[in-house]
Every structure is written in structure tokens, then in C-alpha cells.
Amino acid sequence: MAERPEDLNLPNAVITRIIKEALPDGVNISKEARSAISRAASVFVLYATSCANNFAVKGKRKTLNAGDVLSAMEEMEFQRFIAPLKESLEVYRREQKGKKEARKDKDKKADSEEQDKSREEENDDDDERMEEEEQNDDEEVDN
């Protein structure tokens, strides 16, 4: 785990970007307020992770899954986050499925191209053999 409490803080750049996206244009935030939000976000992540881990332990698993996080949100009384989290999870799963299918299509295309190349090479070899045989036949006829 972390050696110092500061090691558990989220990166300042990430926190700053989230804050800027959440606030209207022209609204500034002090360094002290940004630091407080950063610490609060870190505490929230640690608490949510701990709660989710409890659900994984109850399920006799060592790996936290999305269901554990959703259950943790409910236990922490953050029900209003559950629907948006489920939507984000579905988007993520669709993206992953699309990427997986794209990789399969790419692999199939590469395999198909290799097979086509092999066939072309075989055809070229056959053409060369036929030309050699014709030359040999022509030489035999000349003799």
C-alpha cells in the first residue's frame, strides 16, 4: 500500500480538469479548495473501494467487479449514482465488444490475405514449372 498519506491522493491534473469541467466559465477555484476537493475525492475512492471489497469477500472472490461497485454505491446511500454508473458500464462494455470484434475482423483479414498470398505463390510456382516443362518439351522437339 501507500507509504505516505499523500501517495493516496489523486493526480492534481485530473482533479483540476474535473473541477474546470464542472464549473461554469469564468469561475476560479483557490489552491486550498482544489486541495480539499482532491483529498475528499481520494477519501471517497478509498471508501467506495473498501465497501466494494467487502462484497467481493462475501462472494469469496479476490477480484472486485462492477456489481461490487454498484452494490457499494447502494450501501453507501449513493443510489442516484447507480443509474449513471450502469449506463457508463454499458457504454464501456459495448466499446470493448466493438474493439474485440474489430480485432477479430483484422485477424481474419490478415489470415485471408496470408492464404491469398500463399495461393498466389503456389500459382506462380505452378506457372514456372509449366514454363520449364514447355521449354523442355520444345528442346526435345528441336532435338
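Along each chain, the written sequence defines residue order, and numbers are assigned to residues from 1. Confidence filtering applies because this is a predicted model: local features only for residues at pLDDT of at least 70, side-chain atom pairs given and counted only at 80 or more, and all residues used for totals across whole chains, interfaces and linings. Note that water and hydrogens are dropped before the side-chain values are worked out from all heavy atoms of the structure.

- For the protein, an unreviewed UniProt entry supplies the name DNA polymerase epsilon subunit 3 and the organism Platysternon megacephalum.
- UniProt positions are given in the numbering used here, feature names are shortened, and annotations may be inferred rather than shown by experiment. You can read under Subcellular location (unreviewed entry) in the UniProt record for the protein the words "Nucleus".

## Section: the packing of helix H2 (residues 31–58) against helix H3 (residues 66–75)
Then step 1. At a minimum axis separation of 8 Å, H2 and H3 run at an interaxial angle of 115°. Relative to H3, the element H2 lies roughly perpendicular. Considering how the two elements wind past one another, H2 and H3 form a crossing that is right-handed. Contacts between H2 and H3 involve Phe44, Ala48, Cys51, Ala52, Phe55 and Ala56 from the first element and Asp68, Val69, Ser71, Ala72, Met73 and Glu75 from the second. Under this scheme, a helix contributes an axis fitted over its contacting stretch, all axes are lines through C-alpha atoms, and angles between N-to-C directions fall in the 0 to 180 degree range. Numbering of helices and strands runs from the N terminus; a helix is a DSSP stretch of H or I covering at least four residues, while a strand is a stretch of E covering at least two. Angular relationships are summarised with four words: roughly parallel below 35 degrees, roughly antiparallel beyond 145, roughly perpendicular across 65 to 115, and oblique for the angles in between. By definition, any crossing whose near helix is turned counterclockwise from its far helix by less than a right angle is left-handed, and any crossing with a clockwise turn is right-handed. Contact criterion: two residues are considered in contact whenever any of their non-hydrogen atoms come within 4.5 Å of each other.

## Remarks on the environment of Pro11
Then step 1. Within the secondary structure layout, Pro11 lies in the segment before helix H1 (12–22).
Then step 2. Overall, Pro11 belongs to the partly exposed group, its relative accessible area being 48%.
Then step 3. Between the alpha carbons of Pro11 and Ser38 there is a distance of 8.2 Å; along the sequence they are 27 residues apart. Each residue gets one of three labels from its accessible area relative to the maximum for its type: buried under 20%, exposed over 50%, partly exposed in between, using a 1.4 Å probe on protein chains only.

## Some points on a nonpolar patch on the surface
Then step 1. Residues enter a patch when their relative accessible area is above 30% and they make no salt bridge; the linking distance is 9 Å between like charges and 5 Å between nonpolar side chains (Val, Leu, Ile, Met, Phe, Trp, Tyr). Areas reported as accessible are Shrake-Rupley estimates using a 1.4 Å probe. Residue values count occlusion only from the protein chains shown. Each salt bridge in this description consists of a side-chain nitrogen of Lys or Arg and a carboxyl oxygen of Asp or Glu lying within 4 Å of one another. Together, Phe44, Val45, Val69, Phe81 and Leu85 make up an exposed nonpolar region whose accessible area comes to about 340 Å².
Then step 2. Of all elements in the fold, only H2 and helix H4 (79–142) reach the threshold of two or more residues within the nonpolar patch.
Then step 3. Mapping Phe44 onto the fold places it in helix H2.
Then step 4. Residue class for Phe44 comes out partly exposed when judged on its relative accessible area of 31%.

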